[in-house]
Amino acid sequence: MKQVLQRANGGDIEIADVPSPKLLPGCVLVRIAASLVSAGTERASAEFARKNLIQKAKARPDLVREVIAKFRRDGLFSTINAVRGRLDQPTALGYSSAGTVIAIADDVHDIQVGDRVACAGAGYAVHAEFACVPRLLVATLPSEAVTFDEAAFATVGAVALHGIRTAEVKLGDVVAVIGLGLLGQLTVQLLRAAGCHVLGLDLRQERAALAVQGGAVDASHVAEHFSALCSLHSSGRGVDAVLITAETSSSDPVNLAARVARDRGVIVAVGTVGMDLQRKLYYEKELDFRISRSYGPGRYDACYEQKGRDYPIGYVRWTETRNMEAFLRLVADHKIAVRSLVTHRYGIEDAQHAYSLIASSTSNALGVLITYSSEARPTQRLTLVPSSRKAESSDVRVGVLGAGNFASSILIPAIKRERASGLIGVCAATGAHSRAAARKFGFRYCTANEDEIFSDPAITAVVIATRHHLHAGQVASALKAGKHVFCEKPLCLTESELMDLISLYRDLHSAPLLMVGFNRRFAPMTRQIHQFLSTIREPLTLHYRVNAGPLAADHWINDSEQGGGRIIGEVCHFIDLLSFLTNSEPREVETRTVGKSDQDFIVSLRFANGSHGTITYVTSGDRSFSKERLEVFGGGCAAVLEDFRHLEMIGYGRRSAQRSRLRQDKGHEAEWQAFTRAIQQGGPSPIPFEQIVASTLAALRAVDSRSLGKSLVVERQTLCPATPDLCDSSRGALKVESC
């Protein structure tokens, strides 16, 4: 299918052929008929992308600070790779579209195939021939009278409607609208439909005139004249409310709004404007300044938008979905005249002209539509290289699931550098990302449907680098397809998933290799510590401090359903490393939370050979400080590893130290080389299955311990049960005892 993409590095617009999206749970698959180009939002995004690195740095100093901190912590080359990985990712443009539903997920029951719908959401309602959109970002068109061209305005209409609701205007109120672009014109029409007395201001005279045609009582293109209009139409008292729908970095609109508003009036910033408020203006009138957040309650809430958990109408009357529906009803009732706002229309093949148009400072564009052929057909797989002798003759022919930042900047480059590996296919959540990865690394084809990878006989090994909640199912599917599996941590999120994988792996007659990406045990400095301690026959004491840094509360890793939380999603790494260094399995685990945040905690581990390890995981430290520090003591020896760049070992009457100044090596390349050699030589997995299960179960127990407030112990035989009586059938889980 065709899709409009923008490169983050340079801002070039491309009409690309990409694989069609796969229908996901809770979503509908839509054949797009029309999509709206936002002259404000998308122009701002395009302008930022076109900036050079210095200009980007000036615009986003917060990101510069992050890069500097990473450079100090991880080294020059590691930082360069991370930045390049970000800049290589294409941006899918668009957030407002309309079309026909061609498929629905099993858990969607109130939409049918063939329904005509409006779609919303950046990353979902993109400029593409097909889109997979979550249910609550879709609104059914109320009648055949609403065309797809009109329905494509629904998202922007919902933004305008939510801005009006935020202002709490009432019938008969005098309301001013500053900024009469597309959003402002829709706001004027909606206010008129609500029975308000509307006044408008825009620096372009023709837009002020259009607002009058749309229902404004009067409008001006001169600020002084506008102030006089507001005074005239409010009998000198000032307007009841001001909605700022302009797009500018200047703070002039917010201070002009204060001058024309009445005492204790309401001012709402709907568009992106400067907010250097003059306190005297706001203080003297005791004005109420509000910011309207996009198109209504539910926006930016992953539980609402992605998981389909609607807000009860008795408590939240106007969600973003219901705002879209209300706007569409107004269009159907001819209360809103959308067609008069369409100034340009382009087919998807000519969409670049639309972006050239909105980028022009002299453009008169308002409603710019992109249209699509009804004859378009979904494309499951996009072949970029018809054949590759190296890939086809490789000992390990690889299919990759996931093309996010980690996969693109670290994992896939490590695979590509291994001569025995050939890149066959790559699958990502979106066709844009899978195509970008395929072109960058030389995969034969790309897809957005993981079944293409599992069923491809040319692929012998599947690499899983998707979100954590997908791992268990994808590992199982790959094993059943007879593929070797390399799964980025964690292996799974729940004990029932672990039990299922143990059962599946044991039942396979000729089990392929299964390996989890516990890369730190393969790092060169880790191997040196392991060798250094190899002659010690007494228990070790280990302390691992992780200065992880905070994540937003709604980050997917913190989501128990998608990421599993930071213990399962990240601490499993460190549990495995301590197990490797002690040459022993965890037998007892206790987790204690530090303070009120459940993201700062201490995990204590007792190993089968008597060794003890402590993992201190904090998110409250300074990000510029070192991220990871490992200390190991035992047998009169000590070793200290700092961020995999500095190693010091003391013992046996000598001291040694080494430092890597330009990069850190956490073992990603070495782990893949070990996995490849095991496949070539027909040997066992570089990490024995029992150790993978042990580290995974210890992480699960660490979560249980934090919840129960006590230490937990796992009997050794329960790690990989060979007989059914080792399982508690009533729970379908592994036996566990509390201390």
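Residues numbered from 1 in each chain as written. Predicted model: local features only at pLDDT ≥ 70, side-chain atom pairs only at ≥ 80, totals over all residues. Heavy atoms only, no water.

Moving on: the nonpolar core. In this structure, Val475, Ile529, Tyr544, Val571, Ile615 and Leu630 are the most contacted members of the largest nonpolar core, which totals 103 residues. Here this core takes 10 residues from helix α22 (residues 565-582), the largest share from any one element. In contact with Val571, other than residues within four places in its own chain, are Arg566, Phe601, Val603, Ile615 and Tyr617. Ranked by size, the runner-up nonpolar core spans 54 residues in total, among them Ala120, Ala211, Val338 and Leu369. (Core = buried A, V, L, I, M, F, W, Y, C linked by side-chain atoms within 4.5 Å. Buried < 20%, exposed > 50% of the residue type's maximum accessible area, 1.4 Å probe, protein only. Helix = DSSP H or I, 4+ residues; strand = E, 2+ residues; numbered from the N terminus. Contact = heavy atoms within 4.5 Å.)

Below, the discussion takes up the pairing of strand β10 (residues 197-201). Most of β10 is tucked away, with four of its five residues classed as buried. Here strand β9 (residues 174-178) runs beside β10; their pairing, made up of five bridges, is parallel. Bridge assignment links Val174 to a residue of β10, and that residue is His197. Where the polypeptide runs from β9 across helix α7 (residues 182-193) and back to β10, its parallel neighbour, the crossover connection is right-handed. Inspection of the sheet shows β10 paired to strand β11 (residues 218-220) by three bridges, in the parallel sense. Its bridge partner being in β11, Leu199 is matched across the sheet by Asp218. Read from β10 through helix α8 (residues 205-213) to β11, the crossover connection turns out right-handed. (Pairing = 2+ DSSP bridges. Right-handed = clockwise from strand over helix to strand, strands pointing away.)

Right, let's talk about the packing of aromatic side chains for a bit. Inspection of the entire model under this criterion finds nine aromatic pairs. A centroid spacing of 6.0 Å and a plane angle of 85° characterise the contact between Tyr282 and Phe289, whose relative ring orientation is edge-to-face. Relative to Phe574, the ring of Tyr544 has its centre 4.9 Å away and its plane inclined at 40°; by these criteria the two rings are tilted. With Tyr544 in strand β24 (residues 541-547) and Phe574 in helix α22, this pair connects stretches of sequence that are 30 residues apart. (Phe/Tyr/Trp six-rings, centres within 6.5 Å; stacked < 30°, edge-to-face > 60°.)

The next thing to look at is the sheet that holds strand β21 (residues 461-464). In spatial order, the strands read β17-β20-β19-β18-β21-β22-β23; together these seven strands make up an open sheet with mixed pairing. Two strands lie at the open edges of the sheet, namely β17 (381-383) and β23 (514-516), each paired on one side alone. Neighbour-to-neighbour, the strand axes of this sheet turn through a mean angle of 20°, independent of strand direction. As judged from the six bridges shared by strand β18 (residues 396-401) and strand β19 (residues 421-427), these two strands associate in the parallel manner. Residue pairing across strands places Val400 opposite Val426, the latter belonging to β19. (Axes fitted to C-alpha atoms, helices over the stretch in contact; angles between N-to-C directions.)

Scope: geometric values only; no functional claims are made or implied.
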